[in-house]
Amino acid sequence: MFQHLRGKLFAFMLLVSLGPMLLIGIAGFTAQQEEMSEGAEQALQDQSGRLSDEVGRYLQERMQDVEYLSQNPILRMGSTGAEASGTELETFLETHDMYEDVYLAYTSGIILTDVHSGFRGENLRDRPWFSDITSGEAVISRMYYSDLREEPVMVMAAPLYDAGGQWTRIIIPAFDIESFHREMTGFLERESGAWETDSVLMNESGEVIIHEDMDQVLRDNYLEQRNIEQAVEDDALVRANGDVHAFTSVDSFPGFDHNWYISVSAAEEEMFAPLDALLRDYLLIALLVLLGVIPAVFWLSSRLTVPVHQLMEKAAALAAGREPVPAFKGTYAEITQLNETFDSMANEIKDREELHRRSTLVLESTDNGVFSFEAASGSITLWNRRCRSMFGLDKPDTIADIAAASPAFRTLLPSLSFSAGSTEREMKLEEDGSVRTFTVSTTPLDGAEKEEWLVLFFDMTDKRNMEQEMVRSEKLKVIAQMAAGFAHEVRNPLTTIRGFIQLAHEKQEPIGEAYYSLVMEEIDRVNKIIHELLQTADPDPDTEVTVIDVNRVLHDVMALQEMQLRSRSISWVQDLDPQVPQVFADEGKLKQALINLIQNAVEAMPAGGELTIRTFPKEEAAAVEIEDTGIGMDEDTMDKLGTPFFTKKETGTGLGLTVSYGLVEEMQGRMVVASRPEEGTCFQMMLPAYDPAG
């Protein structure tokens, strides 16, 4: 046992009784450490809880404000005009300076009036909180970025009921975000504990709602910034990146059901500074004990220096590239083992040098440009053969030298990131008389002594040339599709004109005045379609948009289809609601879309059937339904509706519905289809109602 160094040191420590003293010291320090740690953590958690209570109280007070405002008898009257309502809203704002504005809106979401913003007529229906107000109770929205105000906003909304209990309007106070921020940060600053803390109000995903730095609101994620990976829970305590975070949820109440959390964090080092002082006291005692044993250790170390000096000589020989000194002579087992470990390490260093030499050969042989540099100084640490060819530099000293020699790289350099992970950009560079395209990638080098970045240049010239050829091919295909679509559009008017001529021939009489004007309109439409085909290269074609009576257009279209319907034994019903609103659109395009849909319905009833045309107002839009009793469609067919060239008809082009969908979309409308096999199909077209106010 005493042949080993460990045995000799163990025996010596027993002589001076260092072992028992060390155990006593560790036990005492551990007990006090646990007690002090629990106290510090509880204090941080209590501070977070108090802040949560303050925020909850503040939000409940604001909810009482909006509920009080919703009881205003003038605002509750559905007949109250914008001017009288505005006066009441101004009075509310004068006594409640924490609100930036108050909006009074119809139940449809359209703003009737406000005080400062001037958003009258704007529609709030698509706001994330609007669906909650339909429950009939006041609500507080989450903090979100408003594209209308172009800033973060948080609003409260409450329904207004008239004397008969009818929901008539919505009152919407909007927080003054700066005032709300001052109030909330005031809570956070007042709750300062024994240490310097950082407090934040956030949602369950970590998105910052309130912080002393307003630039972080809705832009930064508290959890991601602090590398907190676990889900936030109430009364949770989390350690991350040297900080301790205490989380407490803000209690929900009627109208506020968001998962908001208060986080109070403090530097772990500062929180547990008393523990450091305690540790220093214990270390001081240990040092005093150590001073008592130094003479004995010094005597023992003198016997250990001889083999250590031998190892030092071997290390110097290895560093200088000389052969090792004569065979090592150890005095005890530990130093002999250390010598064997040293020899193993020396062999590993030689292997690494060989690997480095091979890696250098690979980098020199690759067709990709590769260089690396130190982030702090910009000094070039690696510069391969392809880089020398690309930039015409043997080996620059710094990355600034590369930028000075290459305008293309100088232009690209500001867009490359050398601070946050890998980036990838593209640049063009002249090499050997031709312009080549490179993808430039930056990656941090892990494991380097200093911060270094690796820059790779991948030659993408051949790939980009191939992509350009593919784009040209795709353009030709699109042009062919457009030509086929225009041909399909011309065929429908010609079919109608032919029907009228055939009808006149069968009756042996001239075309009537009413039919004559329709024939002329169809001829004009053919001419217009041909004109559009010739003008396809025009980036801004003319459109003839007017106020249109949808029922009148349907009457004209059905007059054109009457001959075809009779010849196919198809009966038809027109259920046209006189209350359907007018639309603002191109009448020719609307007719074309309707004719395509009716033609599809006719072709879906080869053995005859019934065609029903309906119009009715729906959601501030004019709705048109075209329903047949034909063969219907399965789900697979419905999923592919509108796909160019998709058809199940033997003589179809697959472009009719594609064109119709496109025309309806141009008129800011949309189409919905419902169908069942062997039962029929119903297409519903919805076009925005014309608003004379613009």
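Just above sits the structure.
Residues numbered from 1 in each chain as written. Predicted model: local features only at pLDDT ≥ 70, side-chain atom pairs only at ≥ 80, totals over all residues. Heavy atoms only, no water.

**Q** Help me understand the sheet that holds strand β14 (residues 380-383), please; the structure alone is not making it clear to me.
**A** Sheet strands line up and pair through hydrogen bonds in the backbone, either parallel or antiparallel. Taken in spatial order, the 5 strands make up an open sheet running β14-β13-β17-β16-β15, and their pairing is antiparallel. Every other strand in the sheet has two partners, leaving β14 and β15 (423-431) as the edge strands with one partner each. Strand-to-strand twist across the sheet, computed as the mean angle between neighbouring axes with direction ignored, equals 25 degrees. Two strands pair when backbone bridges link them, and β15 and strand β16 (residues 434-445) are joined in this way by 9 bridges, in the antiparallel orientation. Counted as the bridge partner of E424 is S441 from β16. (Pairing = 2+ DSSP bridges. Helix = DSSP H or I, 4+ residues; strand = E, 2+ residues; numbered from the N terminus. Axes fitted to C-alpha atoms, helices over the stretch in contact; angles between N-to-C directions.)

**Q** Is there a simple way to explain the pairing of strand β8 (residues 197-203) in this structure?
**A** Note on strand geometry: in a regular strand, side chains alternate between the two faces of the sheet. Of all 7 residues that make up β8, 5 are buried, and the element is covered over most of its length. The pairing of β8 with strand β12 (residues 260-267) spans 7 bridges and is antiparallel. The residue of β12 that forms the bridge with L201 is I262. Sheet topology places β8 next to strand β9 (residues 208-210); 2 bridges connect them, and they run antiparallel. Note on β9: the bridge partner recorded for M202 is V208. (Buried < 20%, exposed > 50% of the residue type's maximum accessible area, 1.4 Å probe, protein only.)

**Q** Explain a negative patch on the surface to me, please; I cannot follow it from the model alone.
**A** A contiguous patch of negative charge, built from E196, E212, D213, D215, E269, E270 and D276, is present on the exposed surface. Position of E270 relative to the elements: it lies in helix α8 (residues 268-271). According to the relative accessible area criterion, E270 is partly exposed, its value standing at 33%. (Patch = residues over 30% accessible without salt bridge, like charges linked within 9 Å, V, L, I, M, F, W, Y side chains within 5 Å. Areas by Shrake-Rupley, 256 points an atom, 1.4 Å probe, with all protein chains shown as cover. Salt bridge = Lys/Arg side-chain N within 4 Å of Asp/Glu carboxyl O. Lys, Arg positive; Asp, Glu negative; His and termini not counted. Charge placed at Lys NZ, Arg CZ, Asp CG, Glu CD.)

**Q** I'm lost on the side chain of R226 in this one. Help?
**A** Topologically, R226 is positioned in the loop between α7 (222-225) and β10 (236-240). A relative accessible area of 15% places R226 in the buried class. Setting aside residues up to four positions removed in sequence, R226 forms contacts with D198, A240, N241 and H245. (Contact = heavy atoms within 4.5 Å.)

**Q** What should I look at first to understand the nonpolar core in this one?
**A** Generally speaking, a soluble globular protein has its nonpolar side chains buried in company with each other. If you look at the biggest cluster of nonpolar residues, it comprises 47 residues, and the most contacted ones within it are L59, M143, I171, F175, F180, L201 and W260. Per-element accounting of this core gives the leading share, 9 residues, to helix α2 (residues 18-69). In contact with L201, other than residues within four places in its own chain, are V55, E207, V208, I209, I210, V250, W260, Y261 and I262. Grouped together as the second largest cluster of nonpolar side chains are 38 residues, V553, V580, A622 and L663 included. (Core = buried A, V, L, I, M, F, W, Y, C linked by side-chain atoms within 4.5 Å.)

**Q** Explanation requested: the sheet that holds strand β19 (residues 570-576) in the structure shown.
**A** Taken in spatial order, the 5 strands line up as β19-β21-β22-β24-β23 in an open sheet, and their pairing is mixed. Single-partner strands in this sheet number two, and they are β19 and β23 (670-676). When strand polarity is set aside, the average angle formed by the axes of neighbouring strands in this sheet is 15 degrees. Sheet topology places strand β21 (residues 609-618) next to strand β22 (residues 621-628); 8 bridges connect them, and they run antiparallel. Along β22, the bridge assignment pairs T615 with V624.

**Q** I keep staring at the packing of aromatic side chains and nothing clicks. Help me out?
**A** To describe a pair of aromatic rings, one takes the distance between the centres and the angle between the planes. The final tally for this structure, using the stated rule, is 15 aromatic pairs. When the centroid spacing of 6.0 Å and the interplanar angle of 50 degrees are considered together, the rings of W129 and F130 count as tilted. Residue classification places W129 among the buried positions, given a relative accessible area of 4%. Classification of F130 as buried rests on a relative accessible area of 4%. Taking the centre distance of 5.8 Å and the plane angle of 35 degrees together, the rings of W383 and F391 count as tilted. You can call W383 buried: its relative accessible area is 5%. Overall, F391 belongs to the buried group, its relative accessible area being 8%. Counting every residue linked through ring pairs, the aromatic cluster contains F371, F373, W383, F391, F409 and F457. Sitting over the ring of Y58, R62 keeps its end group 4.7 Å from the ring centre. (Phe/Tyr/Trp six-rings, centres within 6.5 Å; stacked < 30°, edge-to-face > 60°. Lys NZ or Arg CZ within 6 Å of the ring centre and 35° of its normal.)

**Q** Explain helix α4 (residues 82-95) to me, please; I cannot follow it from the model alone.
**A** Structural remark: α-helix, 3.6 residues per turn; residues separated by three or four positions point the same way. Helix length check: α4 (14 residues) gives 20 Å between terminal C-alpha atoms against 20 Å at 1.5 Å per residue, within 8%. Within the span of α4, buried status applies to A82, S85, G86, E88, L89, F92 and L93. Along the axis of α4, the buried residues cluster in a sector spanning 160 degrees; they form a single face. In this structure, α4 carries E83, E94 and T95 as exposed residues pointing more than 90 degrees from its buried face. (Expected span 1.5 Å × (residues − 1). Arc of directions from axis to C-beta.)

**Q** Sorry, what's going on with the pattern of salt bridges here?
**A** In a structure, side chains of opposite charge can pair up when their charged atoms sit close to one another. Counted by the stated rule, this structure contains 16 salt bridges. Put simply, R226 and D198 hold a salt bridge, and the shortest N to O gap is 3.3 Å. Within this pair, whereas R226 is found in the loop between α7 and β10, its partner D198 is found in strand β8, the two being separated by 28 residues in sequence. Two residues, R552 and D556, come together in a salt bridge whose shortest N-O distance is 3.3 Å. Linking R552 with D556, this pair stays in helix α16 (residues 550-567), spanning 4 residues, or about one helical turn. Taking relative accessible area as the criterion, R552 reaches 34% and is therefore assigned partly exposed. For D556, a relative accessible area of 17% gives the class buried.

**Q** When you look at the side chain of N221 in this model, what are you seeing that I'm missing?
**A** Here N221 lies in the loop between β9 and α7. The class of N221 is buried, set by a relative accessible area of 17%. Separated by 2.9 Å, the side chain of N221 and the backbone oxygen of S205 make a polar contact. Polar contacts involving the side chain of N221 include one to the main-chain amide nitrogen of L223, which spans 3.1 Å. When near neighbours in sequence (up to four residues on either side) are disregarded, N221 contacts S205, G206 and E207. (Polar contact = N/O pair within 3.5 Å; in protein donor to acceptor, adjacent residues only side chain to side chain.)

**Q** Sorry if this is basic, but what is going on with the environment of R149 here?
**A** Inspection of the secondary structure assignment puts R149 in the loop between β4 (144-146) and β5 (151-153). Residues R149 and S117, spaced 32 residues apart in sequence, show a C-alpha to C-alpha distance of 8.5 Å. Beyond its immediate chain neighbours, meaning those up to four positions away, R149 contacts E100, Y103, S117 and F119.

**Q** Could you clarify how one ought to interpret empty space enclosed by the protein in this entry?
**A** Any space left empty among the atoms is revealed by the rolling of a water-sized probe across them. Inspection of the entire model under this criterion finds 1 cavity of 30 Å³ or more. Looking at the largest cavity, its volume works out to about 110 Å³. Elements with a minimum of two residues in the lining of the largest cavity: β4 and β7 (167-175). Within the lining of the largest cavity, the residues separate by chemical class into 11 nonpolar, 1 polar and 2 charged. (1 Å grid on protein atoms, 1.4 Å probe; cavity = no way out; pocket = protein on both sides within 12 Å on 5 of 7 lines; lining within 4 Å. Points joined across faces, edges and corners; volume = space filled by probe spheres on them. Nonpolar A, V, L, I, M, F, W, Y, C, P; charged D, E, K, R; others polar.)

**Q** What is the right way to look at unusual backbone geometry in this model?
**A** A negative phi angle is the norm for most residues apart from glycine, just as the trans form is the norm for most peptide bonds. Within the chain, S569 stands out as a residue other than glycine whose phi angle is a positive 60 degrees. Tracing the sequence through the fold places S569 in the loop between α16 and β19. Classification of S569 as exposed rests on a relative accessible area of 58%.

**Q** It is not clear to me how a nonpolar patch on the surface should be interpreted in this structure. Could you clarify?
**A** A surface patch of nonpolar side chains, about 330 Å² in accessible area, is lined by V545, V547, F584 and Y690. Position of V545 among the secondary structure elements: in strand β18 (residues 545-548). Taking the relative accessible area as the measure of exposure, V545 reaches 39% and is therefore partly exposed.

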